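The lines below spell out each chain.
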Amino acid sequence: MSEVFEGYERQYCEASASLSRKCTAASALDGEKKKQKLSEIQSGVEEAESLIRKMDLEARSLQPSVKAGLLAKLREYKSDLNNVKSELKRISAPNARQTTREELLEAGMADTLAVSTDQRGRLMMSTERLNQSTDRIKESRRTMLETEELGVSILQDLHQQRQSLLHAHTTLHGVDDNIGKSKKILAAMSKRMDRNKWIIGGIITALVLAILLILYFKLAH
């Protein structure tokens, strides 16, 4: 069901229940107080008619599978509002109290009042269901907000972990550079040691040859 339609429906149910209470109160009043109460009821009826028109427009804009059920509800609401109008007209009559006593003696009026009571009972049940739906929607929104906050917290943690990984990567890159430099130094030292070995070997060979030459000349003379 459309949330817009539910909003109008909830307002109408509340308005209908308020009109019923005001009609009952107006029946027991006289004079200026009664006129004031009747004016409030008339304003409430106009507001209820406006809500029914809005519900009708919203229902006709929906899919056929949904629209049929909503239009059936609207027929009940229109019937209920007509009963309220009839009640307002009866109360507004100059001899309203006498008329009330006469109408209550008629079986047709008794049946109408019974139907109206039943319809108002259904309206109250609809109002309760709408309130429950509203509570569920609020709970769903609260859960959604909590989930969104959790998601933001997780994203912040992931961002911090990414920064830590980038810092570790930078550190490892620096270590790799140092290792590369160390390898180059070790390679240079190894080459230098090899060169020194050849130099020492050459010196030793030259000394051995010099000694041999000296011994040869001594033995020859």
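Residues numbered from 1 in each chain as written. Predicted model: local features only at pLDDT ≥ 70, side-chain atom pairs only at ≥ 80, totals over all residues. Heavy atoms only, no water.

Per an unreviewed UniProt entry, the protein chain goes by Vesicle transport v-SNARE N-terminal domain-containing protein and derives from Digitaria exilis. What UniProt records for the protein chain under Sequence similarities (unreviewed entry) is the sentence "Belongs to the VTI1 family." (UniProt positions renumbered as here; feature names shortened; annotations may be inferred.)

## A look at the pattern of salt bridges
Evaluation of the coordinates by the stated rule reveals ten salt bridges. With a closest N to O distance of 3.8 Å, R141 and E3 form a salt bridge. Of this pair, R141 sits in helix α5 (residues 107–220) while E3 sits in helix α1 (residues 3–27); the two residues are 138 residues apart in sequence, bridging distant segments of the chain. Judged by relative accessible area, which is 47%, R141 ranks as partly exposed. K35 is the salt-bridge partner of E32, the closest N and O atoms lying 3.9 Å from each other. (Salt bridge = Lys/Arg side-chain N within 4 Å of Asp/Glu carboxyl O. Helix = DSSP H or I, 4+ residues; strand = E, 2+ residues; numbered from the N terminus. Buried < 20%, exposed > 50% of the residue type's maximum accessible area, 1.4 Å probe, protein only.)

## A short note on the packing of α1 against helix α2 (residues 31–60)
The interhelical angle for the contact between α1 and α2, taken along N-to-C directions, is 160°, at an axis separation of 9 Å. As far as their axial angle goes, α2 and α1 are roughly antiparallel. In terms of crossing hand, the pair formed by α1 and α2 is left-handed. When its residues are assigned to classes, the contact of α1 with α2 shows 15 nonpolar, two polar and seven charged. (Axes fitted to C-alpha atoms, helices over the stretch in contact; angles between N-to-C directions. Parallel < 35°, antiparallel > 145°, perpendicular 65-115°, else oblique. Left-handed = near helix turned anticlockwise from the far one by under 90°. Nonpolar A, V, L, I, M, F, W, Y, C, P; charged D, E, K, R; others polar.)

## A look at the UniProt feature "transmembrane region" (unreviewed entry) in the protein chain
If you check UniProt for "transmembrane region" (unreviewed entry), the listed places come out as residues 198–217 in our numbering. Regarding residues 198–217, the helix share stands at 100% and the strand share at 0%, and the terminal C-alpha atoms are separated by 29 Å.

## Section: the nonpolar core
Y12, I41, V45, I52, M55, L74 and Y77 are the most contacted members of the largest nonpolar core, which has 23 residues in total. Breaking this core down by element, the ones donating at least two residues are α1, α2 and α3 (64–92). Apart from residues lying up to four places away in sequence, V45 is in contact with L19, L81, V84, K85 and L88. (Core = buried A, V, L, I, M, F, W, Y, C linked by side-chain atoms within 4.5 Å. Contact = heavy atoms within 4.5 Å.)

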